[in-house]
Amino acid sequence: MAYLMNGYVRKGDIGEYGHAYATINDRSAIFEGVTGREQVWMSHRDQVERVPAGFSVLASTTTCPVAAIGDHQRRLYGLQFHPEVVHTPSGGQILSNFLFGVCGCRKDWDPRGRIALLEQRIREVAGNRNVFFFVSGGVDSSVAYRLTVQALGRDRVHGAYVDTGLMREGETDFVRQALDVTVVDAREEFLGALEGVVEPEQKRHIIGEQFVAVQNRVLNSGHYLDGDWILGQGTIYPDTIESGGTARADIIKTHHNRVAGIQKLIDEGRIIEPLTSFYKDEVRELGRELGLPEELLDRHPFPGPGLAIRLLCASQTEEIQKIDEGWLVPVHSVGVQGDSRSYRPVIAIEGKLDLEHSTELINRERRANRVVGVIDQHAPICEQRVWEAHLTGPRLDRLRQADAIVRKLSHDSGFDRQVWQFPVIVVPVGTPARPDSVVLRPIHSVDGMTAQVVVMAEDLLAEIARRLLQVEGLCTIFYDLTHKPPGTIEWE
Ligand code: XMP
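Because the structure is predicted, anything quoted here is derived from the model rather than measured.

Visitor: I'd like to hear about the overall build of the chain, residue by residue, with values.
Guide: Per the secondary structure count, the chain includes 13 helices and 22 strands. Taken against the 2.2 N^0.38 rule, which gives 23 Å for 492 residues, the C-alpha radius of gyration of the chain at 24 Å falls within 12% of a compact globule. The 492 residues of the chain split such that 55% are buried. Here the contacts in the chain between residues at least 6 apart in sequence split such that 70% fall between residues at least 24 apart. Just so you have it, the chain exposes about 21,700 Å², and 49% of that area is on carbon and sulfur atoms. Within the chain, the 68 negative side-chain charges are centred at a point lying 2 Å from the centre of the 54 positive side-chain charges.

Quick look at the structure:
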């Protein structure tokens, strides 16, 4: 707004990602009812240097003198921070003030009737057609499936679960038992198609295409194309906004589900996505209202492409570089910095885990998009390298084994209830005898759009690391100390 209305905006010297405290200078209009100092969530490098004529500065932080601007007369307001995320606790109040105060909107939304409305909408979209679901075992597809069954009746909805070979240990049996669906074994197809692939986007693309290929095969063999069948999906709101909601957001995360094949089905109108206006926490609420078991609803979210985006690959062997702060490890992970997606190396630091220091470091450091702490290791970092590595069966087994160890200890200690998601990642860092390492990434989030690192108790961490280092081929245990932004939750 400042730029378009002839203020002056420039690239800042340092970025501001994550937590900040804003001093509110003017507690009227959008800031009515908030305190003079508010925690806010930032993700920017640009700075407003001069506000446009007619505007005043409503809020500032220590690194961002212009964190909110407003022109009360013309009722124009601009925020540099994100009011829509939970890490801005008064964000809801600010948005309410804007909608109901500044814009004068009416409050006429009653969430109680939403299930009936969703069912009605499903019946409208489906018409006479039946719905075929690929159920992943996650909250989203299970809720979408159950909602559709409730709307159309059991006879008109068929669920299939694809075992891609990229699932966690024990997952297929769990899904078979918890949901009334058919299991399709496609392990060989997926692993075959992913052979030799390194780039995250290519992995995602291949996995998406394989899903479509398997889906077509299943549809054909079950004669679902002869009758009038359409495809149901558990896509939720953040999936749509991070991929196409804003002009440049398509490069932050390519959509999980909308690869070319599925886009064709969408274009032909042969798709139902009943949950596209809901956040994850709302989807859980819907699931509860639909009577799905807590055990299923309480599961941590798990990405559609599965362990493939938690098993990092590399196209060549590279040296780890010593830098002032620690080590620059040339294993590329995906991040999100400002409006764009980054794909950069990682900084590894030794010593006590210090979140404040690592946050400051990653804001200052342009060569990397994450900081990880070294927890325990079989060999010093200076003797380790990044190895050429691919998505192979043995590496997947290694990841599955590591993931199962972490999940069990995290569950038994109660730690899993303190976190929203706990990815366990395998990276090709180590020695010739132990060429892989593990990154632990426990985070807190509400909707996956932003995330905060959760540091676990030292004794639990030591036990996890000790058990992981007994796994064949694992060299070092790292702990991800990067909030989102600038690091995404998954490493890819
Ligand atoms: P990122 O890594 O973008 O992840 O911070 C945000 C949330 O989305 C999940 N995720 C996915 N979920 N299919 C999914 O169903 C996907 O392709 C996918 N990619 C990321 C991720 O696990 C986190 O909860």
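More follows now that the structure is in view.
Visitor: Kindly report on the pattern of salt bridges, identifying the contributing residues and their values.
Guide: Here the structure, examined in full by the defined rule, presents 35 salt bridges. For D46, the salt bridge is made with K11, and the minimal N-O distance between the two is 3.2 Å. Taken as a pair, D46 in strand β2 (residues 37-50) and K11 in strand β1 (residues 8-24) lie far apart in primary sequence, 35 residues in all. Residue classification places D46 among the partly exposed residues on the basis of a relative accessible area of 34%. Of the charged contacts in the structure, one is a salt bridge between R288 and E285, with a shortest N-O distance of 3.3 Å. Remark: E285 and R288 occur in helix α9 (residues 280-289); sequence separation between them is three residues, near one turn of the helix. Assessed through its relative accessible area of 33%, R288 is described here as partly exposed. Its relative accessible area of 36% is what places E285 among the partly exposed residues. Look at the salt bridges and you will find they share partners, linking E285, R288, E294 and D298 into a network.

Visitor: Tell me about the site of the ligand, residues and numbers included.
Guide: Near the ligand, the surroundings consist of 14 residues, among which R204, Q421, K484, I489 and E490 are the closest. A distance of 2.7 Å separates an oxygen atom of the ligand from a polar backbone atom of I489. In the environment of the ligand, an oxygen atom lies 2.5 Å from a nitrogen or oxygen atom belonging to the side chain of E490. In isolation the ligand offers 490 Å² of accessible surface; the protein chains occlude 88% of this area. A class-by-class count of the residues in the shell around the ligand yields five nonpolar, five polar and four charged. When residues are assigned to domains, the shell around the ligand turns out to be shared by domain 2 (111-304) and domain 3 (311-480), each giving three or more.

Visitor: Explain the domain arrangement of the chain residue by residue, including any values.
Guide: For the chain, the domain assignment lists domain 1 (8-102), domain 2 (111-304) and domain 3 (311-480). In this assembly, 29 residues from domain 2 lie in contact with 29 residues from domain 3. Of the roughly 2,500 Å² buried between domain 2 and domain 3, counting both surfaces, carbon and sulfur atoms make up 56%. Scanning the region where domain 2 abuts domain 3 turns up ten residue pairs in polar contact (both at pLDDT 80 or more).

Visitor: Tell me what's going on with helix α13 (residues 458-468), and back it up with residues and numbers.
Guide: Helical periodicity: at 3.6 residues per turn, an α-helix aligns residues three or four positions apart in one direction. Of all the positions in α13, only L460, L461, I464, A465 and L468 are classed as buried. When α13 is viewed along its axis, its buried side chains cluster within an angular range of 130° and face the same direction. The exposed set on the far side of α13, more than 90 degrees from its buried face, consists of E458 and D459.

Visitor: Just give me the short version of empty space enclosed by the protein, but keep the residues and values in it.
Guide: Under the criterion given, the structure shown has three cavities of 30 Å³ or more. Within this model, the second largest cavity holds a volume of roughly 50 Å³. Forming the walls of the second largest cavity are V329, V331, V346, V372, V427, V429, V439, F478 and W491. Class assignment of the residues belonging to the lining of the second largest cavity gives a composition of nine nonpolar, no polar and no charged.

Visitor: Outline the state of the cysteines, listing residues and values.
Guide: Counted according to the given criterion, the structure contains zero disulfides. Left unpaired, C103 is separated from the closest cysteine sulfur, that of C105, by 5.1 Å. Owing to a relative accessible area of 40%, C103 belongs among the partly exposed residues under this scheme. Of all cysteine sulfurs, the one in C475 lies closest to C382, which takes part in no disulfide; the gap is 11 Å.

Visitor: Tell me about the sheet that holds strand β5 (residues 76-79), and please be specific about residues and values.
Guide: Pairing is antiparallel across the open sheet formed by five strands, whose spatial order is β2-β1-β3-β4-β5. One side of each edge strand has no neighbouring strand; the edge strands of this open sheet are β2 and β5. Neighbour to neighbour, the strand axes of the sheet diverge by 25° on average, direction disregarded. Pairing geometry for β1 and strand β3 (residues 56-60), over two bridges, is antiparallel. Bridge pairing links I24 to A59 in β3.

Visitor: Would you mind going over the packing of aromatic side chains in detail, with residue names and values included?
Guide: Evaluation of the coordinates by the stated rule reveals six aromatic pairs. A ring pair is formed by F132 and F134, whose centres lie 4.9 Å apart and whose planes are at 65°; its orientation type is edge-to-face. With respect to burial, F132 and F134 carry one shared label: buried. Note on F415 and F422: the rings are 5.8 Å apart at their centroids and 75° apart in plane angle, and the pair reads as edge-to-face. Residue F415 is classed as buried on the basis of its relative accessible area of 3%. When its relative accessible area of 6% is taken as the criterion, F422 is described as buried. It is K322 that lies over the ring of W327; its NZ or CZ is 5.1 Å from the centre.

Cut-offs applied
Residues numbered from 1 in each chain as written. Predicted model: local features only at pLDDT ≥ 70, side-chain atom pairs only at ≥ 80, totals over all residues. Heavy atoms only, no water. Helix = DSSP H or I, 4+ residues; strand = E, 2+ residues; numbered from the N terminus. Rg over C-alpha atoms; globule rule 2.2 N^0.38 Å. Buried < 20%, exposed > 50% of the residue type's maximum accessible area, 1.4 Å probe, protein only. Contact = heavy atoms within 4.5 Å. Areas by Shrake-Rupley, 256 points an atom, 1.4 Å probe, with all protein chains shown as cover. Lys, Arg positive; Asp, Glu negative; His and termini not counted. Charge placed at Lys NZ, Arg CZ, Asp CG, Glu CD. Salt bridge = Lys/Arg side-chain N within 4 Å of Asp/Glu carboxyl O. Near = heavy atom within 4 Å. Polar contact = N/O pair within 3.5 Å; in protein donor to acceptor, adjacent residues only side chain to side chain. Nonpolar A, V, L, I, M, F, W, Y, C, P; charged D, E, K, R; others polar. Domains from an automatic or database assignment. Buried area = accessible area lost by both parts, 1.4 Å probe. Arc of directions from axis to C-beta. 1 Å grid on protein atoms, 1.4 Å probe; cavity = no way out; pocket = protein on both sides within 12 Å on 5 of 7 lines; lining within 4 Å. Points joined across faces, edges and corners; volume = space filled by probe spheres on them. Disulfide = S-S within 2.5 Å. Pairing = 2+ DSSP bridges. Axes fitted to C-alpha atoms, helices over the stretch in contact; angles between N-to-C directions. Phe/Tyr/Trp six-rings, centres within 6.5 Å; stacked < 30°, edge-to-face > 60°. Lys NZ or Arg CZ within 6 Å of the ring centre and 35° of its normal.

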